[in-house]
Amino acid sequence: MRSRIVMLGGPGAGKGTQAKRMSEAYGLPHISTGDIFRANLRQGTPLGLEAKKYMDAGGLVPDEVTCQIVADRVVQSDCANGYILDGFPRSLPQAQVFQQLLVSRGEKVDLAINVDVTDAEIVTRLSARRSCPKCGAIYNLQFSPPTKEGVCNVDAEALIQRQDDQEETIRERLRVYHETTEPIIAYYEKQGILKTVGGTNSTPDAVFVKIEAILSAAETVR
Ligand code: AMP
Ligand code: ZN
């Protein structure tokens, strides 16, 4: 499959989970800007320390910083057949800058998949989310708990609750999502490449089935 796919949806909507599955099923690289920032933070790079200021507060890392990271990533050779962007773009300026980059390379976004989940469910899900500070693995105490309570299945590291998954920060992330990120849905809809998938009250498996149906129906991605 040859395709450039953008995953849209609020924080905790399941974009990351679905992007990972799609990446495995279709052999496309999974590019998560949040993962890139967190990996930099774990390594203590200047980028990581800069990003942390915004992430901890539930805000967005500045567009210039974020766009540069994506621009550097999508030109790498493993992205030649496409990729799945998870968590980018997150503002209209990011979407526009990215579009310019693609146009200058004779490329385009083929498909934007919006995973739609109510705010109430987002708050419930993110409050139950735990992650591994060492490898980044994500668990949900309710839906996908670790095998042994409190520790990572991969490396037995003690799980933590991300600073930005604490309730007050979740509310701020939702506010920023509605104000700054949601307008991107209309941006891709106008281009005729938007597909929305309902994610409320749905298991990751159920959402993935819907996404597979979209992908097999979309001619641009075959
Ligand atoms: P995520 O793992 O996608 O929820 O991202 C975690 C945090 O990283 C976000 O709350 C933002 O602070 C930051 N971040 C990730 N992607 C972007 C982006 N495209 N633009 C700005 N900030 C971002
Ligand atoms: Zn781990």
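Just above sits the structure.
What counts and how
- Residues numbered from 1 in each chain as written.
- Chains lettered and ligands numbered in written order.
- Predicted model: local features only at pLDDT ≥ 70, side-chain atom pairs only at ≥ 80, totals over all residues.
- Heavy atoms only, no water.
- Buried < 20%, exposed > 50% of the residue type's maximum accessible area, 1.4 Å probe, protein only.
- Helix = DSSP H or I, 4+ residues; strand = E, 2+ residues; numbered from the N terminus.
- Contact = heavy atoms within 4.5 Å.
- Near = heavy atom within 4 Å.
- Polar contact = N/O pair within 3.5 Å; in protein donor to acceptor, adjacent residues only side chain to side chain.
- Nonpolar A, V, L, I, M, F, W, Y, C, P; charged D, E, K, R; others polar.
- Phe/Tyr/Trp six-rings, centres within 6.5 Å; stacked < 30°, edge-to-face > 60°.
- Pairing = 2+ DSSP bridges.
- Axes fitted to C-alpha atoms, helices over the stretch in contact; angles between N-to-C directions.
- Expected span 1.5 Å × (residues − 1).
- Arc of directions from axis to C-beta.

### Some remarks on helix H6 (residues 119–127)
The periodicity of an α-helix, 3.6 residues per turn, causes residues three or four positions apart to be oriented the same way. Every buried residue belonging to H6 is among Glu 121, Ile 122, Val 123, Arg 125 and Leu 126, and all of these are buried. Check the buried side of H6 and you find it contacts strand S5 (129–131), strand S6 (138–140) and helix H7 (167–181).

### Concerning the site of ligand 1
The environment of ligand 1 is made up of 16 residues, and the closest members are Thr 33, Arg 38, Gly 59, Gly 87 and Gln 94. Measuring from a nitrogen atom of ligand 1, one finds a side-chain N or O atom of Thr 33 at 2.7 Å. In this structure, Gln 94 approaches ligand 1 through a side-chain N or O atom, which is 2.9 Å from a nitrogen atom. Sorting elements by how many residues they give to the shell around ligand 1 places helix H2 (residues 33–42) first, with 4 residues. Each residue belonging to the shell around ligand 1 can be placed in one class, and the counts come to 5 nonpolar, 6 polar and 5 charged.

### Thoughts on the packing of aromatic side chains
A complete count under the given rule lists 2 aromatic pairs for this structure. On the basis of an interplanar angle of 75 degrees and a centroid distance of 5.2 Å, the ring pair of Tyr 187 and Tyr 188 is categorised as edge-to-face. Judged by its relative accessible area of 16%, Tyr 187 is buried.

### Considerations on the sheet that holds strand S1 (residues 3–8)
Spatial strand order, S2-S3-S1-S4-S7: 5 strands in an open sheet with parallel pairing. Two strands lie at the open edges of the sheet, namely strand S2 (30–32) and strand S7 (194–198), each paired on one side alone. The sheet shows a mean angle of 20 degrees between the axes of neighbouring strands, direction not considered. Bridging between S2 and strand S3 (residues 82–86) involves 3 bridges; their strand directions are parallel. What sits directly across from His 30, in S3, is Ile 84. Its contacts with the sheet put H2 on S2 and S3, and the angle it makes with S2 is roughly 65 degrees.

### Here's the deal with the pairing of S3
Buried residues dominate S3, accounting for 5 of its 5 residues. Neither face of S3 is open: one carries Gly 82, Ile 84 and Asp 86, the other Tyr 83 and Leu 85, and all of them are buried. Across 5 bridges, S1 lies against S3 in parallel orientation. Note on S3: the bridge partner recorded for Ser 3 is Gly 82.

### Some thoughts on unusual backbone geometry
In this structure, Pro 89 follows Phe 88 across a cis peptide bond, with omega equal to -5 degrees. Secondary-structure assignment places Pro 89 in the loop between S3 and helix H5 (92–104). A positive phi is found at Ala 156, a non-glycine position, where the angle reads about 60 degrees. With respect to the element layout, Ala 156 can be found in the loop between S6 and H7. The residue Asn 201 is not glycine, and still its phi comes out positive at about 55 degrees. Residue placement: Asn 201 occurs in the loop between S7 and helix H9 (204–217).

### Observations regarding the side chain of Gln 94
Structurally, the position occupied by Gln 94 is in helix H5. Once residues within four sequence positions are removed from consideration, Gln 94 is found in contact with Val 61, Asp 63, Thr 66, Cys 67, Phe 88 and Pro 89.

### Quick word on the packing of H5 against helix H8 (residues 183–190)
The contact between H5 and H8 brings their axes to 9 Å, and the two run at 35 degrees. Residues Leu 92, Ala 95, Gln 96 and Gln 99 of H5 pack against Pro 183, Ile 184, Tyr 187 and Tyr 188 of H8. Each residue belonging to the contact of H5 with H8 can be placed in one class, and the counts come to 6 nonpolar, 2 polar and no charged.

### Examining H7
Spanning 15 residues, H7 covers 20 Å between terminal C-alpha atoms, matching the ideal 21 Å at 1.5 Å per step. Where H7 is concerned, the buried positions are Thr 169, Ile 170, Arg 173, Leu 174, Val 176, Tyr 177 and Thr 181. The arc that holds every buried residue of H7, seen down its axis, measures 165 degrees, which confines them to one face. Turned more than 90 degrees away from the buried face of H7 sit Glu 168 and Glu 179, all of them exposed.

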